[in-house]
Amino acid sequence: MAGSGLMLLGFVVLHLLGNLTIFLGPETLNAYAEKLRHFGLLLWVARVILLAAVAVHIWAAVVLTIENRRARPQPYQQYVPAATNPAALTMGLTGILLLSYLVYHLLHFTWGVAHPQFFGAQDALGRRDVYAMVVRSFEIPWVALLYVVGMAVLCFHLSHGMASTCQTLGLSTERTRPLFERIGGMIAGLIFLGYSAIPVAVLFRMVRP
Amino acid sequence: MKLIVRVWRQQNAQEKGRFETYEAQDISSDMSFLEMLDVLNEQLIAQGHEPIAFDHDCREGICGMCSLVINGRPHGPDKGVTACQLHMRRFKDGDTITIEPWRARAFPVVKDLVVDRSAFDRIIEAGGYVSVKTGSAPEANTVPVPKPAAEDAMDAAACIGCGACVAACPNASAMLFVAAKVAHLSDLPQGQVEHKARVQDMVQAMDHEGFGNCTNHYECMAACPKQIHVKFIARLNRDYLRATTHP
């Protein structure tokens, strides 16, 4: 859970940094996208590793859930939590939501199935016009909203996930655990703000076609 | 005071249990929770009912026998105490109190509120000991122990093995118990010899007993009557990683 989660977190951060080039204009984003495509084999290695991380993360979650349900066959009639938080209690639900978000996101921007009208355009230099695809998509309010909601779910998932990873990997101590929780929450918040800024900026015409 | 007590009744491990509701009369606010159950049992016997079976021993908060989930909290609403140190002044006249046993597959119900916690004994057998030369006591300063290590070991050794951590955990995990039992030995020089084997064997024994897995909710620390810290779980994870990667 922790290892695969860390890898996925690394991807989320790198992906965010790449995405934020949209604020530097179409030239930068399209050039960045073109460069990524030219990594060729390396790109495919990264994709396979990421896919494996997703698979391991899901597999671990399923095994944990099954074992943990089995560990308490008779539930309490009255159970009053005293320490846990909503994010920790809903990791399974937010995980499933994130998986469906991921599928939609790939259908949208990678495979061009969800919104084919914005897919496949080329810019003046003959590169894939990622900038136009993103901006045209997020001009539709419900699409923009869907992405913001998706990132809110990711933020919620990460707010428990990051501090939890530090505990599982044995990095936490009595002093650092609250610190990790605060930093984890802050990173999750920054990731949410960073990603959400893109659809919001397009929606409010701050990033124009 | 008069109280409504909803309590889990279960004849034996095989029978499916159920809740029964009783009225406990003449309860003094000075009574401990277990004394309230004693009085209720007297009243049940007088009415021709079978008394409620519950575990108890020292009634001083140090033996770890009492094992009641009171109103949805192991050992009741107070922090850092066992059920025997909970007093009836925490409740009001006419309150309804729900009492359930620890609920975990690894802690099967023996009868009513009594559960079988021998799974903990088997985890201890797997490695919760140190090999020492028996005979006359060694000179106290032969093996120097740094003060911080001694303090930390004592914090972990405060565990009375009651199982409230398992009862409180959403996953019925025994990580806090195992972590404390590993830490109070690994902190000390005497615990180093068997350290790596101990970590692996006790974790394996824990998994074998059918406890759940830790997903870092920290309910265990909130319920622990000795307030054992979850830092010991992080250390167990660290030690386990190290023991499995560098055997």
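This one's a predicted model, so the numbers in the text were calculated from it and none came from an experiment.

Colleague: I tried to follow the domain arrangement of chain B on my own but got confused; where do I start?
Modeller: Think of interface size as the accessible area that goes away when the parts come together; that is how it is often given. All names here are of chain B. Annotation of chain B at the domain level lists domain 1 (3-111) and domain 2 (118-245). Distance from the C-alpha centre of domain 1 to the C-alpha centre of domain 2: 29 Å. Split into classes, the residues belonging to the side of domain 1 that touches domain 2 amount to 9 nonpolar, 6 polar and 3 charged.

Colleague: Please clarify how the interface of chain B and chain A should be interpreted in this entry.
Modeller: Between chain B and chain A, the residue contacts involve 33 residues of the former and 29 residues of the latter. Put simply, the parts of the chain that give the side of chain B that touches chain A at least two residues each are strand E5 (96-101), helix H7 (219-223) and helix H8 (231-245) of chain B.

Colleague: Would you mind showing me how to read the sheet that holds strand E3 (residues 68-70) of chain B here?
Modeller: Hydrogen bonds along the backbone pair up the strands of a sheet, which may run parallel or antiparallel. Residues and elements named next belong to chain B. Overall, mixed pairing links the 5 strands, which are arranged E2-E1-E5-E3-E4 in an open sheet. In this open sheet, the two strands that pair with only one neighbour each are strand E2 (18-24) and strand E4 (73-74). When E3 meets E5, the two strands line up antiparallel, connected through 3 bridges. Residue pairing across strands places Leu68 opposite Pro101, the latter belonging to E5.

Colleague: Any chance you could explain the packing of helix H5 (residues 175-186) of chain B against H8 of chain B here in plain terms?
Modeller: Helices that pack against each other are described as a pair by the angle of their axes relative to one another and the distance between those axes. All names here are of chain B. Remark: H5 packs on H8, axes separated minimally by 8 Å, with the N-to-C direction vectors making an angle of 75°. One way to sum up the angle between H5 and H8 is to call them roughly perpendicular. Two secondary-structure elements touch here, H5 through Met175, Leu176, Val178, Ala179, Ala180, Val182, Ala183 and Ser186 and H8 through Phe232, Ile233, Arg235, Leu236 and Asp239. For the contact of H5 with H8, the residue count by class is 10 nonpolar, 1 polar and 2 charged.

Colleague: Where do I start with helix H2 (residues 118-127) of chain B in this structure?
Modeller: Note on helix geometry: an α-helix contains 3.6 residues per turn, so any two residues three or four positions apart are oriented the same way. All names here are of chain B. The set of residues buried in H2 consists of Ala119, Phe120, Ile123, Ala126 and Gly127. The arc enclosing the buried residues of H2, seen along the axis, measures out at 115°, which places them on a common side. Among the structural elements, H5 and helix H6 (195-208) are those in contact with the buried residues of H2.

Colleague: Mind showing me how you'd approach the nonpolar core here?
Modeller: Most often, soluble globular proteins have nonpolar side chains that are buried together. Core analysis: the largest hydrophobic core is formed by 71 residues, its most contacted members being Cys165, Val166, Leu176, Val178 and Ala179 of chain B. It is H5 of chain B that contributes the most residues to this core, 9 residues altogether. Among the domains, domain 1 (3-111) and domain 2 (118-245) of chain B are the pair contributing at least three residues each to this core. Not counting residues up to four positions away in its chain, the partners in contact with Val178 of chain B are Ile123, Met202, Val203, Met206 and Leu236 of chain B. Core analysis: the second largest hydrophobic core is formed by 27 residues, Leu29, Met162, Ala163 and Val202 of chain A among them.

Colleague: Help me understand the confidence of the model for chain B, please; the structure alone is not making it clear to me.
Modeller: Do not read the fine detail of predicted coordinates wherever pLDDT is low. With 100% of its residues at a pLDDT of 70 or more, chain B shows a mean pLDDT of 96. In the model output, the complex is listed with pTM 0.94 alongside ipTM 0.91.

Colleague: Is there a simple way to think about H8 of chain B in this case?
Modeller: Given a rise of 1.5 Å per residue, 15 residues ought to cover 21 Å, and the 21 Å separating the end C-alpha atoms of H8 of chain B matches this to within 8%. Buried residues of H8 of chain B: Lys231, Phe232, Ile233, Ala234, Arg235, Leu236, Asn237 and Asp239 of chain B, and no others. On its buried face, H8 of chain B sits against helix H7 (141-168) and helix H8 (176-203) of chain A together with helix H3 (147-157), H5 and H6 of chain B.

Parameters and conventions
- Every chain's residues receive numbers from 1 upward, in the order its sequence appears when written.
- Each chain is given a letter, starting from A, and each ligand a number, starting from 1, according to the order in which they appear as written.
- pLDDT decides what is reported in this predicted model: residues at 70 or higher carry local features, side-chain atom pairs at 80 or more are listed and counted, and totals for whole chains, interfaces and linings draw on all residues regardless.
- Residue ranges assigned to each domain were obtained from an automatic or database domain assignment.
- Amino acids outside the nonpolar list (Ala, Val, Leu, Ile, Met, Phe, Trp, Tyr, Cys, Pro) and the charged list (Asp, Glu, Lys, Arg) are all regarded as polar, and Gly is one of them.
- Two residues qualify as being in contact provided that their C-beta atoms, derived from the backbone, are within 7 Å of each other.
- Strands are runs of DSSP state E lasting at least two residues, helices are runs of H or I lasting at least four, and both sets are numbered from the N terminus onward.
- Strand pairing is defined by DSSP finding a minimum of two bridges between the two strands.
- To obtain an axis, a line is fitted to C-alpha atoms, over the contacting stretch when the element is a helix, and the angle between two such axes runs from 0 to 180 degrees between their N-to-C directions.
- Each angle is binned into one of four classes, with values under 35 degrees roughly parallel, values over 145 roughly antiparallel, values of 65 to 115 roughly perpendicular, and all other values oblique.
- For the exposure call, what matters is how many other C-beta atoms sit within 10 Å of a residue's own: 20 or more marks it buried, 12 or fewer exposed, and in between partly exposed, using C-beta atoms placed from the backbone.
- By construction, the arc corresponds to the directions joining the helix axis to the C-beta atoms.
- To form a nonpolar core, buried Ala, Val, Leu, Ile, Met, Phe, Trp, Tyr and Cys residues must be joined through C-beta atoms within 7 Å.
- pLDDT is defined as a per-residue confidence score from the predictor, taking values between 0 and 100.
- Take the number of residues in a helix, subtract one, and multiply by 1.5 Å to get its expected span.

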